[in-house]
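The lines below spell out each chain.
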Amino acid sequence: MKDYKLVIFDWDGTLMDSVERIVSSMQSAAKNIGLTVPSNHEVKEIIGLSIPEALKTLFPNITDELIASMRLEYKFQYTDGDNTPSQLFENALNLLNQLKKKNKILAVATGKGREGLNHALSLSDTTHLFDTTRCAGEMPSKPSPVMLNSILEELDIAPHEAIMIGDTSHDLKMAQAAKIDSIGVTFGVHDTATLSLYQPKVMVDSLIELENILV
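Read on for an overview of the structure. Remember, predicted model here, so these are calculated numbers, not experimental data.

1. What to know about the layout of surface pockets
Then, in step 1: In this structure, the largest pocket spans a volume of roughly 600 Å³.
Then, in step 2: Considering the residues around the largest pocket, the lining is formed by 31 residues, among which I51, Y74, K112, G113 and G116 are closest to the centre.
Then, in step 3: For the lining of the largest pocket, the secondary-structure elements that each account for two or more residues are α1 (19–33), α3 (51–58), α4 (64–81) and α6 (114–123).
Then, in step 4: Looking at the lining of the largest pocket, its residues break down into twelve nonpolar, nine polar and ten charged.

2. Structural notes on α6
Along an α-helix, residues three or four positions apart point the same way, because every turn accommodates 3.6 residues.
Then, in step 1: When α6 is considered as a whole, its buried residues turn out to be L117, A120 and L121. On an axial view of α6, the arc spanned by its buried residues comes to 100°, and they lie on one face. Residues of α6 that are exposed and angled more than 90 degrees away from the buried face: E115, S122 and L123.
Then, in step 2: Residues of α6 that are buried sit in contact with β2 (16–17), β4 (105–110) and β5 (132–135).

3. A closer look at the pairing of strand β6 (residues 162–166)
Then, in step 1: By the criterion of burial, β6 is predominantly enclosed, with five of the five residues buried.
Then, in step 2: The pairing of strand β1 (residues 6–9) with β6 spans four bridges and is classified as parallel. When the sheet's bridge partners are listed, V7 is paired in β6 with I163.
Then, in step 3: Where β6 meets strand β7 (residues 181–185), four bridges bridge the pair, whose relative direction is parallel. When the bridges of β7 are listed, I163 appears paired with D181.
Then, in step 4: Handedness of the crossover is the feature at issue here: the chain leaves β6, passes through helix α8 (residues 169–177), returns alongside β7, and the resulting connection is right-handed.

4. A word on the nonpolar core
Then, in step 1: In this structure, V7, F9, W11, F130, I165, L210 and L214 are the most contacted members of the largest nonpolar core, which totals 28 residues.
Then, in step 2: Of all the secondary-structure elements, those providing two or more residues to this core are β1, α5 (92–101), β4, α6, β6, β7 and α10 (207–214).
Then, in step 3: In this structure L210 touches F9, L95, I165, I183 and V204, once residues within four positions along its chain are discounted.
Then, in step 4: Judged by nonpolar contacts, the second largest core, of 21 residues, contains A30, I47, F59 and Y78.

5. Quick word on the packing of aromatic side chains
Then, in step 1: Applying the stated rule across the entire model yields three aromatic pairs.
Then, in step 2: Seen in terms of ring centroids, Y74 and Y78 are 6.0 Å apart; in terms of plane orientation they differ by 35°. Their pairing is tilted. Of this pair, Y74 and Y78 both sit in helix α4, four residues apart, roughly one helical turn.
Then, in step 3: Classification of Y74 as buried rests on a relative accessible area of 13%.

6. Observations regarding the packing of α5 against α10
Then, in step 1: Where α5 meets α10, the closest approach of the two axes is 9 Å, and the angle between their N-to-C directions is 10°. Relative to α10, α5 is oriented roughly parallel. Counting all contacts with α5, which are made through A92, N94, L95, Q98 and L99, the residues of α10 involved are L207, L210, E211 and L214.
Then, in step 2: Partitioned by chemical class, the residues of the contact of α5 with α10 number six nonpolar, two polar and one charged.

7. Points about the pattern of salt bridges
Then, in step 1: Scanning the model with the defined rule gives nine salt bridges in all.
Then, in step 2: The shortest N-O distance in the salt bridge between D12 and K112 comes to 3.3 Å. You can see D12 sitting in the loop between β1 and β2 and its partner K112 sitting in the loop between β4 and α6, a full 100 residues away along the chain.
Then, in step 3: In this structure, K142 and D171 form a salt bridge, with 2.6 Å as the shortest nitrogen-oxygen distance. Taken together, the residues K142 in the loop between β5 and α7 (146–155) and D171 in helix α8 connect sequence positions 29 residues apart.
Then, in step 4: Exposure remark for D171: the relative accessible area of 0% places this residue in the buried category.
Then, in step 5: Taken together, the shared-partner salt bridges in this structure form one network comprising D10, K142 and D171.

Reading the values: the criteria
Residues numbered from 1 in each chain as written. Predicted model: local features only at pLDDT ≥ 70, side-chain atom pairs only at ≥ 80, totals over all residues. Heavy atoms only, no water. 1 Å grid on protein atoms, 1.4 Å probe; cavity = no way out; pocket = protein on both sides within 12 Å on 5 of 7 lines; lining within 4 Å. Points joined across faces, edges and corners; volume = space filled by probe spheres on them. Helix = DSSP H or I, 4+ residues; strand = E, 2+ residues; numbered from the N terminus. Nonpolar A, V, L, I, M, F, W, Y, C, P; charged D, E, K, R; others polar. Buried < 20%, exposed > 50% of the residue type's maximum accessible area, 1.4 Å probe, protein only. Arc of directions from axis to C-beta. Contact = heavy atoms within 4.5 Å. Pairing = 2+ DSSP bridges. Right-handed = clockwise from strand over helix to strand, strands pointing away. Core = buried A, V, L, I, M, F, W, Y, C linked by side-chain atoms within 4.5 Å. Phe/Tyr/Trp six-rings, centres within 6.5 Å; stacked < 30°, edge-to-face > 60°. Axes fitted to C-alpha atoms, helices over the stretch in contact; angles between N-to-C directions. Parallel < 35°, antiparallel > 145°, perpendicular 65-115°, else oblique. Salt bridge = Lys/Arg side-chain N within 4 Å of Asp/Glu carboxyl O.

What follows is the structure, encoded as structure tokens:
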């Protein structure tokens, strides 16, 4: 497990403890726009998808006009309106630094939009640690393998030289489609039983455990 050249991370629920903030922000946005407020479980199930795909899943009859309104309201809630804590998981920064010391190439493949990811990277002071990143909106939503294939092509890395780390079925399905090994983390959205359906090489309960495996 220490021989992978490229380590690709999901962001929300994998490196950043932001799931509860995503849930409350989506619920507040729906309430303010006049849509039926989704349950905690319903919102958690769409984490990792692009915003348009997530909104179509949550609100099957939503119009393009309402999608545009929801995107703006959700963005406001997540960045300014909601005060639910959102920070890196314990040991995330140390893990990333240790991987860089081992000359690993690091990347992010996330359902966040570009502005949202750049904001999170800046706030967490981790921008410099990643060699490249891919966001929803720039290419098809997870679980399409396009994000991962694009990263591999840019960095000239073969699929067997890379590993994808994520907390949702969307992450692990994406890795399967790209023929990349994966690791499931159990402290984000989906539980061990769900993640195991997508044949990760291993599952971990903390980033300290992940560091012991990869570094």
